[in-house]
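# Understanding the architecture of this molecule
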Amino acid sequence: MPMRLKRSSVQAGSLLLPAFILCIVGNALSAFPQNSSAVPELNIVYPREGRTYYGAYARFSGATQPGNTVSVQDEEVEVFASGAFAGRVPLEPGDNTLLFRAENPAGQTTERTLRIYRAAPLKPSPADPPQFDKEYAATPDDSIELPPGAEIIVRVKGSPGMCADFRIGSPKPAIPMRELDAKEGGVAGVYEGSYLLQPDDEFVRASITVFLRRKPDAKAVAEWSLPNAKISVLKNKTPILYEARRSTVDLYTGPNMDKPYIEADINTWLEYTGCIGNKLQFRLAPNQSAWGKDQFFNRLDEPHRRPAGRLDSISVRRLNRAQVVRLSTGQRCAWTVFEAPEANTLTIRIYACQLDSFWDHRSSKGDFQDIRARQAEDSVVDVEIITKDRPAWGYDVAYDGGVMEVSLFDPPLLAASPEKPLSGMAIVLSPGHGGSDSGALGGTGLEEKKANVQLAELIAQRIEQLGGEVRWIKRDADEAVDLDERVTRAGRLGGDLFVSVHNDSVSLYDDPLAYRGSSLFYTHTQSKRLAMDIYDQLLLIDTAPSPRGVYQRDLRVTRKVTRMPSALVECRYLSHPADEMDLLSAEQCGRIADAIVRGIVNFMQQTDAP
């Protein structure tokens, strides 16, 4: 008979590390033999020879034998018990030569030099003769095809204090540009202007030419045709359609592709309204558009009607642990989901869709409080699904033919005992990175992909000891699985929780000794408490002076896994030698795995199962 676990917590240290487990390299903390009479080994992991840096500092890391001393640019740095060292050095603009020296107690030394380059900061262009800086990243820098009303923004760098303008093609009059102040442009002499494409424009791969003048309307003293900018105006009476070629495809708010906000299932038709390079723009509604990467779409060559769905019926069915709300739209449409767990509400916004009528639909099975649909605006339909008593454990959205199926999952049924608190649970584990993608690197050369797999194995053993089932996305450090494939496998595996196991690193510019400890990341609100519970347990064993925290982030793997609570745990900072030593220690790895599993148990014990 399934039972509901009562609210309680698991005490630190209650999960024991089997004696036979060795983590990564067992208890060996050094990458080199500890022989004080040997010529010092000196391995430099960062920086890499010949690399270009764009900041004022470069971080370094490497290893020697424990007991040796290491200096960088004649400044001694700390060598940790593993032999690893780390820090950062200031860089001058241009070429930099870094000197690393290791010395053993016998006075023997080994030296290595590395040459790296720091890109010079922007400097004003010469005032005389007037000229353009053709090394500056001028925009636009790609072919553009957009409809009338779209804005073309032109930015260049040249001699400061001039009057600047530009032309698209030759017949049009010059369009004035303004010189940005040095703070806005980064340096004096950056000019910017814009032009709205007009209905009578007939540009077909027209060039953009910019001009510098000493006074407005004076003769140009410098001109430059931007080499890659080709402007075309899109005028199509018959819709141009593209079809999504994989499930699912992300659509973005703008051509920078920095934040996805809409999804489209495979075979969804979208109306093309322009492109910038290989980035396609699609119409979602009269006043809304989205951008997608061209490699994920196929152009339909035959003329087709404009894509438009019509929501004409809503039905509900039970399928195992899920209530499935079926929205008949006739044609596949793009969508996005808004979560409001405090109101037990999930809102599905459907684009390129019209509503036949207004519904206030109530499920005859009594599993929902309300299902409501309304026309939010022209070609945009909102469907609100309001559950009873509690928010859904997770959800999934996919098309079955012309029917959108929104599956809302129940919490797992636990047949648990105090000795086996995870009985009835299936937990999906995803160790990060793999194959040629090693992830972060520690000073001793420890690869993140290997640390992730070893920690995941320890976590799996503890889950199974407590009665749970582990389902692996992968369990081999040499298997490369991209993020989309991980999400696909997670969907096939099912499961009740999803945990992605990683280890962190600072950037190439930050101080590696300033960051230690654990971080937890989640995307969806139903996953926040899982992340908090794991983090709270990690804090009990975390010796770092500045634990990193719990963050809501738009990480692809946690964003795409919605059918169950999902979290990504950054166990330690490989860039910090002390944290790397934790990952080189069987005992410390066991404590980390214990803490993660205690967090999972605590999360489940506070879950109200049906």
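Above this text sits the structure in question.
Residues numbered from 1 in each chain as written. Predicted model: local features only at pLDDT ≥ 70, side-chain atom pairs only at ≥ 80, totals over all residues. Heavy atoms only, no water.

## Description of the overall build of the protein chain
To keep things clear, this is the line we draw: Helix and strand definitions follow DSSP, with helices as H or I runs of at least four residues and strands as E runs of at least two, each counted in order from the N terminus. By the convention used here, residues are in contact when the closest approach between their heavy atoms is within 4.5 Å. Method for areas: the Shrake-Rupley scheme with a 1.4 Å probe, in which residue coverage is limited to the protein chains shown. When charges are counted, Lys and Arg contribute as positive and Asp and Glu as negative, whereas His and the chain ends are disregarded. For this purpose, a charge sits on NZ of Lys, CZ of Arg, CG of Asp or CD of Glu.
Check the secondary structure of the protein chain and you find seven helices and 39 strands. Pairs at least 24 residues apart make up 70% of the contacts formed inside the protein chain by residues separated by at least 6 positions. For the protein chain, the exposed area adds up to about 27300 Å²; of that, 47% sits on carbon and sulfur atoms. Of the charged side chains in the protein chain, 71 are positive and 80 negative, and the gap between their average positions amounts to 3 Å.

## Focus: the sheet that holds strand β3 (residues 57–63)
Whether parallel or antiparallel, the strands of a sheet pair through hydrogen bonds between backbone atoms. Quick reminder of the rule: By the convention used here, strands pair only if DSSP detects at least 2 bridges between them. Angles here are taken between N-to-C directions and fall from 0 to 180 degrees, while the axes themselves are lines fitted to C-alpha atoms, restricted in helices to the stretch in contact.
In space, the three strands of this open sheet follow the order β1-β3-β6, with antiparallel pairing throughout. Either end of the sheet is taken by a strand with one partner, and the two such strands are β1 (43–46) and β6 (84–90). On average, each strand axis in the sheet is tilted by 30° relative to the strand beside it, whichever way the strands run. With seven bridges joining them, β3 and β6 adopt antiparallel strand pairing. Bridging from a neighbouring strand, R59 pairs with R88 of β6.

## A few points about helix α4 (residues 528–539)
What counts is decided by this rule: The span one expects for a helix is its residue count, reduced by one, times 1.5 Å. Burial classes: relative accessible area under 20% of the type maximum marks a residue as buried, over 50% as exposed, and values in between as partly exposed (1.4 Å probe, protein chains only).
The end-to-end C-alpha distance of α4, which contains twelve residues, comes to 16 Å, matching closely the 16 Å that a straight helix rising 1.5 Å per residue would cover. All buried positions along α4 are accounted for by L530, A531, D533, I534, Y535, Q537 and L538. In this structure, the buried residues of α4 make contact with β36 (497–504), β37 (519–522), β38 (549–552), β39 (566–573) and α7 (586–605).

## Some remarks on α7
For α7, built from 20 residues, the straight-helix expectation of 28 Å at 1.5 Å per residue is met to within 8% by its first-to-last C-alpha distance of 28 Å. Among the 20 residues of α7, 18 are classified as buried, and the element is accordingly described as predominantly covered.

## A short note on the environment of R475
In plain terms, the rule: Within 3.5 Å is the distance limit for a polar contact, defined as a pair of N or O atoms, with the added protein rule that one can donate a hydrogen and the other accept it, and that residues adjacent in sequence qualify only through two side-chain atoms.
Within the secondary structure, R475 sits in the loop between β35 (469–472) and α3 (483–493). Between the C-alpha atoms of R475 and N228, which are 247 residues apart in sequence, the distance is 45 Å. With residues up to four places along the chain from it excluded, the contact list for R475 reads V453 and E457. Side chain to side chain, R475 and E457 meet in a polar contact 2.9 Å long.

## Comments concerning the sheet that holds strand β25 (residues 322–328)
An order of β24-β25-β33-β32 is seen for the four strands of this open sheet, with the pairing classed as antiparallel. The sheet is open, and its two borders are formed by β24 (313–319) and β32 (394–400), each paired with just one other strand. Geometrically, the sheet is characterised by an average inter-axis angle of 20° between neighbouring strands, direction not taken into account. Summarising the sheet, β32 and strand β33 (residues 403–409) pair through seven bridges and their orientation is antiparallel. Pairing of A398 across the sheet is with E405, part of β33.

## A few points about the pattern of salt bridges
To be explicit about the condition: Salt bridge, as applied in this entry: a Lys or Arg side-chain nitrogen positioned within 4 Å of an Asp or Glu carboxyl oxygen.
Scanning the model with the defined rule gives 36 salt bridges in all. Residues R310 and D356 are paired through a salt bridge, measuring 3.0 Å at the closest nitrogen-oxygen approach. In this pair, R310 is assigned in strand β23 (residues 309–311) and D356 in the loop between β28 (353–355) and β29 (359–361), connecting sequence segments 46 residues apart. With a closest N to O distance of 2.8 Å, R516 and D579 form a salt bridge. Here the residue R516 occupies a position in the loop between β36 and β37, and D579 occupies one in helix α6 (residues 577–583), the gap between them amounting to 63 residues. Taken individually, R516 and D579 each receive the classification buried, so the pair is uniform in this respect. Each of the salt bridges in this network shares a partner with another, and the network as a whole consists of R246, D250, E263, D484, D554, R556, R559 and K560.

## Quick look at the side chain of R598
Looking at the secondary structure, you find R598 in helix α7. A distance of 2.8 Å separates polar atoms of two side chains, one belonging to R598 and the other to Q537.

## Regarding the pairing of β35
Quick reminder of the rule: The handedness of a crossover follows from its direction of travel: if, with the strands pointing away from the viewer, the path from the first strand over the helix to the second runs clockwise, the crossover is right-handed.
Alternating positions in β35 separate cleanly, V470 and W472 being buried on one face and E469 and R471 remaining unburied on the opposite face. Pairing of strand β34 (residues 426–431) with β35, which is carried by four bridges, proceeds in the parallel orientation. Looking at the pairing, V428 lines up with R471 of β35. Running through helix α2 (residues 448–465), the crossover from β34 to the neighbouring parallel element β35 is right-handed.

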